[in-house]
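Summary of structural features
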Amino acid sequence: LASRDFHPEDTVISIKGVDIGGKELVVMGGPCAVESAAQIDEIAGLVKAAGGQVLRGGAFKPRTGPYSFQGTGVEGLIMMAEAGQKHNLLTITEVMTPEYVDICAEYADILQVGTRNMQNFDLLRKLGECGKPVLLKRGFSATYDELLNAAEYILAGGNPNVMLCERGIRTFESYTRNTLDLSAIPVLQSLSHLPVISDPSHGTGRRELVEPMTKASVAAGANGLIIEMHTDPDNSMTGDGVQSLFPDQFANLLQDLEKLAPIV
Ligand code: PEP
Ligand code: MN
């Protein structure tokens, strides 16, 4: 079902007037984690003012260590939904287990599967029935074929609204956190009709690389971007402050993108 042989035309996912996978570029921006109502409200206002269409923020965080901050949970979902409504933005949040799919689907417009869960098949099956669009991140050691097979689980479950996300893979290079595989964008678009979103934040792990890799992703044909932005990145509650843009950098980047591709 994910293959272009089966479905020659591009899939366009329409959510409340925003088309993902069409001619326009969609930008999702926001913090790694929803930290407080005031934080997500302020950042939502900045994402909207910069021209973004989707507010990102994790309420359930997949942390490498069990003692790290694990997210604000259902309270975070509620805070983000309120901020999204107030600022007229769609929302995207990560869901980590099948048990939490229903509650995340109640509060968010798009459900994100993180890199660590790309092959959590019970989660993928549940997302096939959830009725909400899904952004499926490529596992950091997954091939294109494995990513497309993971998407197949969601599609086969009856959910046609899947976006593929390149978020960097693990290589021998240690200067960057991951290696953003730009080739994934045209390759996935040739193999599949599903929209392809690039995540230059996790793909590099370094703030100064987010701007050039965002532009490179657009030049490579990405249908959209998911970018971390924080008002106080040095004090963010996850380690992802180092890759989060400051609000002015985010706004300037989106202005530059208008010269490369029209924003919805
Ligand atoms: C995130 O989007 O904050 C995140 C945890 O992403 P990934 O699954 O790509 O590491
Ligand atoms: Mn993050």
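On a predicted model such as this, the values are computed, not experimentally measured, just so you know.

With that out of the way, let us pick up the overall build of the chain. For the chain, the count of helices and strands is nine helices and 10 strands. What you see for the chain is a C-alpha radius of gyration of 17 Å, in line with the 18 Å of a compact globule of 264 residues. On the principal axes, the C-alpha backbone points of the chain span a range of 45 × 40 × 40 Å. Considering the chain as a whole, with its 264 residues, one finds that 50% of them fall into the buried category. For the chain, the share of sequence-separated contacts (at least 6 apart) that also reach a separation of at least 24 residues comes to 68%.

Here we take up the nonpolar core. Formed by 74 residues in total, the largest nonpolar core has its most connected members in Leu-111, Leu-136, Ala-151, Ile-154, Met-163 and Leu-164. At seven residues, helix H5 (residues 144-156) tops the list of elements feeding residues into this core. Other than its neighbours up to four places away in sequence, Ala-151 contacts Ala-2, Leu-136, Val-162, Leu-164 and Leu-194.

On to the site of ligand 1. Taken together, the residues surrounding ligand 1 are Cys-32, Gly-58, Pro-62, Gly-114, Thr-115, Arg-116, Lys-137, Arg-167 and His-202. Residue composition of the shell around ligand 1, by class: two nonpolar, four polar and three charged.

Right, let's talk about helix H9 (residues 247-260) for a bit. For H9, built from 14 residues, the straight-helix expectation of 20 Å at 1.5 Å per residue is met to within 8% by its first-to-last C-alpha distance of 20 Å. Looking at H9, one finds that the buried residues are Pro-247, Phe-250, Leu-253, Leu-254 and Leu-257. Looking straight down H9, one finds that the buried residues subtend no more than 120 degrees of arc, so they occupy a single side. Exposed side of H9, more than 90 degrees from the buried face: Asp-248, Gln-255 and Lys-259 are the residues found there. Of the surrounding elements, those touching the buried residues of H9 are strand S3 (26-30), helix H1 (37-50), helix H8 (207-219) and strand S10 (224-228).

Tracing the chain through its elements places Ala-220 in the loop between H8 and S10. Among the residues examined, Ala-220 registers 17 C-beta atoms within 10 Å and is labelled partly exposed. Here the alpha-carbon distance between Ala-220 and Asn-252, two residues 32 residues apart in the chain, equals 20 Å. The contacts of Ala-220, once residues within four sequence positions are left out, are Leu-182, Ile-185 and Pro-186.

Further remarks concern helix H6 (residues 184-191). Listed in full, the buried residues belonging to H6 are Ala-184, Ile-185, Leu-188 and Gln-189. Mapping the buried residues of H6 onto a view down its axis gives an arc of 125 degrees, with all of them on the same face. At its buried positions, H6 is contacted by H5, strand S8 (162-166), strand S9 (196-198) and H8.

This part is about the confidence of the model for the chain. The predicted coordinates ought not to be read in detail in places where the model reports low pLDDT. For the chain, the average pLDDT comes to 97, and 98% of its residues sit at 70 or higher. Scoring of the predicted complex yields 0.97 for pTM and 0.99 for ipTM.

Quick look at unusual backbone geometry now. Despite not being glycine, Lys-16 shows a phi value in the positive range, around 45 degrees. In this structure, Lys-16 sits in the loop between strand S1 (13-15) and strand S2 (18-20). Residue class for Lys-16 comes out exposed when judged on the 9 C-beta atoms lying within 10 Å of it. Positioned with a positive phi, Asn-88 is a non-glycine residue whose angle comes to about 55 degrees. Tracing the sequence through the fold places Asn-88 in the loop between helix H2 (73-86) and strand S5 (90-94). The exposed category is assigned to Asn-88, around which 12 C-beta atoms lie within 10 Å.

Calculation notes
- Residues numbered from 1 in each chain as written.
- Chains lettered and ligands numbered in written order.
- Predicted model: local features only at pLDDT ≥ 70, side-chain atom pairs only at ≥ 80, totals over all residues.
- Helix = DSSP H or I, 4+ residues; strand = E, 2+ residues; numbered from the N terminus.
- Rg over C-alpha atoms; globule rule 2.2 N^0.38 Å.
- Buried ≥ 20, exposed ≤ 12 C-beta atoms within 10 Å, placed from the backbone.
- Contact = placed C-beta atoms within 7 Å.
- Core = buried A, V, L, I, M, F, W, Y, C linked by C-beta atoms within 7 Å.
- Near = placed C-beta within 6 Å.
- Nonpolar A, V, L, I, M, F, W, Y, C, P; charged D, E, K, R; others polar.
- Expected span 1.5 Å × (residues − 1).
- Arc of directions from axis to C-beta.
- pLDDT = per-residue confidence, 0-100.

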